Amino acid sequence: MAVHIAGVIQARMGSTRLPGKVLRTLGGRTVLERVVRAVPRGVLDDLVVATTTEPADDAVVAECERLGVAWHRGPVDDVLTRFLGVLDRLECDAVMRLTADCPLLDPEIIAMAAGMWRATPGLDYLSTSPQPRTLPRGLDVEIVSAGALRSLDGTATGHHRTHVTSYVYTHAERFRIIGLTFPPGDADLRVTLDTVEDWELIRAVVDHFGDGPVPLRTLVGWLRERPEVVALNAAVEQKALELA
């Protein structure tokens, strides 16, 4: 029986450190469009952008309409409820969670994660960032089963509802979990978009490689040869996840 995986991209305009980042333009395309285009054809069965009901996110909905991608609106901070709203609309077995601040996502990693999920029946959760993580921050994806996601509605509170899947991987004894690693490990690199410094690095990558996606090893090799580019956002600290 075919396993139906829906991709859900969470996106909103109200970033605290870089407002409006998801609709900034990189090489003639918005950041959100680059995330949408990173999903290989035929790998996921549906693709939905989960945004908020805030008036500022009317612009996200307008971009979805322009791109021809489905959208769903829900609470600002209760992102779990947004995802559950998508589940209510779709008949799917699992959700691949993507974030709209990752314009350099590698389609091969997305395809590998989906393939591993389909080849391993009975999983609750799959992550490309098990500890210790190996991917540069900004290339990660995760998949959670529809059943596990629905079960969180009665147990996840506070920041666990904001981070959607954090209750699962901080209570690993309750779930069947698998992690994908990508040796030798490049977790010191940062290609996610959260600050002006991140923007400068990502823009340098796009200026060099152009419109298409950049495979993991190509991107890492290029960055390793250019310490001055890596230094652009090396001092940026990732927001800590509360583990209460």
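Cut-offs applied
- Residues numbered from 1 in each chain as written.
- Predicted model: local features only at pLDDT ≥ 70, side-chain atom pairs only at ≥ 80, totals over all residues.
- Heavy atoms only, no water.
- Phe/Tyr/Trp six-rings, centres within 6.5 Å; stacked < 30°, edge-to-face > 60°.
- Helix = DSSP H or I, 4+ residues; strand = E, 2+ residues; numbered from the N terminus.
- Buried < 20%, exposed > 50% of the residue type's maximum accessible area, 1.4 Å probe, protein only.
- Lys NZ or Arg CZ within 6 Å of the ring centre and 35° of its normal.
- Salt bridge = Lys/Arg side-chain N within 4 Å of Asp/Glu carboxyl O.
- 1 Å grid on protein atoms, 1.4 Å probe; cavity = no way out; pocket = protein on both sides within 12 Å on 5 of 7 lines; lining within 4 Å.
- Points joined across faces, edges and corners; volume = space filled by probe spheres on them.
- Nonpolar A, V, L, I, M, F, W, Y, C, P; charged D, E, K, R; others polar.

**Q** Quick rundown of the packing of aromatic side chains? Include the residues and the values.
**A** A complete count under the given rule lists 2 aromatic pairs for this structure. Aromatic side chains Tyr125 and Tyr169 sit 6.0 Å apart centroid to centroid with 35° between the ring planes, which places their arrangement in the tilted category. Of this pair, Tyr125 sits in strand β7 (residues 125-127) while Tyr169 sits in helix α7 (residues 166-170), and the two are 44 residues apart along the sequence. You can call Tyr125 buried: its relative accessible area is 2%. Both rings, one in Phe209 and one in Trp222, keep their centres 5.5 Å apart while their planes meet at 65°; by these two values the pair is edge-to-face. Placement of the pair is Phe209 in helix α8 (residues 196-209) and Trp222 in helix α9 (residues 216-224), with a sequence separation of 13 residues. Over the face of the ring belonging to Trp199 we find Arg24, whose NZ or CZ atom lies 4.8 Å from the ring centre.

**Q** Give me the pattern of salt bridges: which residues, what numbers.
**A** Enumeration according to the criterion identifies 23 salt bridges in this entry. Asp211 is the salt-bridge partner of Arg29, the closest N and O atoms lying 2.8 Å from each other. A residue pair is termed long-range when its members are at least 10 positions apart, and Arg29 in strand β3 (residues 29-30) and Asp211 in the loop between α8 and α9 qualify at 182 residues. For Arg29, a relative accessible area of 22% gives the class partly exposed. For Asp211, a relative accessible area of 32% translates into the label partly exposed.

**Q** Any details on the layout of surface pockets? Residues and values, ideally.
**A** A probe as big as a water molecule, rolled over the atoms, marks out the empty space that is left. In this structure, the largest pocket encloses a volume near 1,500 Å³. In terms of lining residues, the largest pocket is bounded by 46 residues, among which Arg97, Thr99, Asp101, His163 and Gln238 are the most central. Sorting the residues of the lining of the largest pocket by element identifies α3 (79-89), β6 (94-99), β7 and β9 (177-179) as the ones contributing at least two each. By residue class, the composition of the lining of the largest pocket is 17 nonpolar, 15 polar and 14 charged. Lining the second largest pocket are Val36, Arg37, Val39, Pro40, Arg41, Gly42, Leu47, Leu67, Gly68 and Val69. By residue class, the composition of the lining of the second largest pocket is 6 nonpolar, 2 polar and 2 charged.

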